[in-house]
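# A look at the structure
The lines below spell out each chain.
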Amino acid sequence: MGGPVHDTDTLDLTGALLVAMPSMGDPRFERAVILMCAYSDKGAMGLILNKPSSDVRMSDVLDQLEIAPSDKAARMPVHFGGPVETGRGFVLHSDDYESSLHTLRVQGGFGMTATLDILEEIARDRGPDKALMMLGYAGWGPGQLEGEIARNGWLTADASPELVFDVGAEDKWSEALVSLGIDPLGLSSAAGRA
C-alpha cells in the first residue's frame, strides 16, 4: 500500500494498517494503528492495535464469562479496539486458528473471531499461536474513511504479523511509520505548527 490511497475504484484496505497522523484531531485515535478487518462500499471495520487497557485484563473478561483461565491466559492484556460496541469482544489472531462457529479471514495472515469458543480455547492454552483481545472496534460508514484519508488523517501501510503481534503497543505507531520510510520524530515535532 505505502501512503495515502485516493482511488476508491481500486481501494481495498482489508488487511492493511491505518496509521493516524498528528492532524487526526480525534483523541480516541491519537497515534492509533488500526488493522482493517473488513472494507467495502458499505463501510469499514478495524481494530486498534496499540491501546492496551490499563484497568481490564483477560482474567477479568474470563471471570465475567465464568471461564477458568490458565496462568498464561489470565495475564493477557485487553486492548481498546475502538469506540463502537465497547462491551463486545473481538480476538485478532494468527491464521493458525479457525473457530468452528465463525472466523473472519483477513488477508496478510490474520483472523478475527468474536465467538465465545476462542476465549474458551485461549483459557485452556489451545487457542491461536498469537492473539490480541479487543473490546470494541473502529467503524466507518460508506465514504467516511475515504474522506478521512483524503484529508490526511490516516496513512496506509502494509501489515505484518511481526508488527501486529510482536512489537510492543508503545512502539507500533513509530514502527508503522518507519515501515513507510517516515521518521516519527520529525512527524511528531511538526504537529500543530503552521
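Rules used in this analysis
Along each chain, numbering runs from 1 in the same order as the chain's sequence is written. Only residues with pLDDT of at least 70 get local features here, since the model is predicted, and only at 80 or more are side-chain atom pairs given and counted; chain-wide, interface and lining totals rely on the full set of residues. Side-chain numbers come from the whole structure's heavy atoms, not from hydrogens or water. Method remark: on a 1 Å grid restricted to protein atoms, a set of points is classed as a cavity if a 1.4 Å probe fits but cannot get out and as a pocket if it is open with protein on both sides within 12 Å along at least five of seven lines; lining residues have an atom within 4 Å of a point. Grid points are joined across faces, edges and corners, and a volume is the space filled by probe spheres set on the points. Going along the chain from the N terminus, every DSSP run of H or I of four or more residues is numbered as a helix, and every run of E of two or more is numbered as a strand. For this scheme, ten residues count as nonpolar: Ala, Val, Leu, Ile, Met, Phe, Trp, Tyr, Cys and Pro. Four count as charged, namely Asp, Glu, Lys and Arg, and the remainder, Gly too, count as polar. Buried, partly exposed and exposed residues are distinguished by accessible area as a fraction of the type maximum, computed with a 1.4 Å probe on protein chains only: under 20%, between the cut-offs, and over 50%, respectively. Two strands are counted as paired when DSSP detects at least two bridges linking them. Residues enter a nonpolar core if they are buried and are Ala, Val, Leu, Ile, Met, Phe, Trp, Tyr or Cys, with the set joined through side-chain atoms within 4.5 Å. Residue contacts follow a heavy-atom distance rule, with two residues in contact if any of their heavy atoms lie within 4.5 Å. Between 30 and 60 degrees the pair is tilted, below 30 it is stacked and above 60 it is edge-to-face, where a pair is any two Phe, Tyr or Trp rings, Trp via its six-membered ring, whose centres lie within 6.5 Å.

### With respect to the layout of surface pockets
Where empty space is left in the structure can be found by rolling a water-sized probe over the atoms. The computed volume of the largest pocket comes to approximately 300 Å³. As for the largest pocket, its lining consists of 14 residues, and the residues nearest its centre are Lys72, Met76, Pro128, Asp129 and Ala131. Of all the elements in the fold, those that place two or more residues in the lining of the largest pocket are helix H2 (71-74), strand E5 (77-80) and strand E9 (131-140). Tallied by class, residues from the lining of the largest pocket come to seven nonpolar, two polar and five charged.

### Some points on the pairing of strand E2 (residues 33-40)
Looking along a regular strand, one sees the side chains alternate between the two faces of the sheet. Counted residue by residue, E2 has six buried out of eight residues, so it is predominantly covered. Examined bridge by bridge, strand E1 (residues 16-20) and E2 share three bridges and lie antiparallel to one another. By the bridge assignment for E2, Val19 is matched with Val33. When E2 meets strand E3 (residues 43-48), the two strands line up antiparallel, connected through six bridges. Its bridge partner lying in E3, Tyr39 is registered against Ala44.

### A word on unusual backbone geometry
The backbone phi angle of Arg31 is positive, close to 55°, even though this residue is not glycine. The class of Arg31 is partly exposed, set by a relative accessible area of 42%.

### A closer look at the nonpolar core
Among the nonpolar cores identified, the biggest contains 27 residues, and Leu17, Leu47, Leu49, Leu92, Phe110 and Val164 are the most heavily contacted of them. Every residue in contact with Leu49, bar those within four places of it in the chain, is listed here: Leu17, Val33, Leu35, His79, Leu92, Leu132, Met134, Val164 and Lys172. Of all hydrophobic cores here, the second largest spans 18 residues; its members include Ala16, Ala20, Ala44 and Trp154.

### Concerning the pairing of E5
Here two bridges tie strand E4 (residues 52-57) to E5, and the two strands are oriented antiparallel to one another. By the bridge assignment for E5, Pro52 is matched with His79. Examined bridge by bridge, E5 and E9 share three bridges and lie parallel to one another. The residue bridging Val78 from the neighbouring strand is Met133, located in E9.

### Some thoughts on the packing of aromatic side chains
Enumeration according to the criterion identifies four aromatic pairs in this entry. Each ring, one from Phe29 and one from Trp154, has its centre 5.7 Å from the other, and the planes form 75°; the classification is edge-to-face. Of this pair, Phe29 sits in the loop between E1 and E2 while Trp154 is found in strand E10 (residues 154-158), placing the two residues 125 residues apart along the sequence. Across the pair, exposure class does not vary: Phe29 and Trp154 are buried alike.

Function cannot be inferred from these measures alone, as they are strictly geometric.
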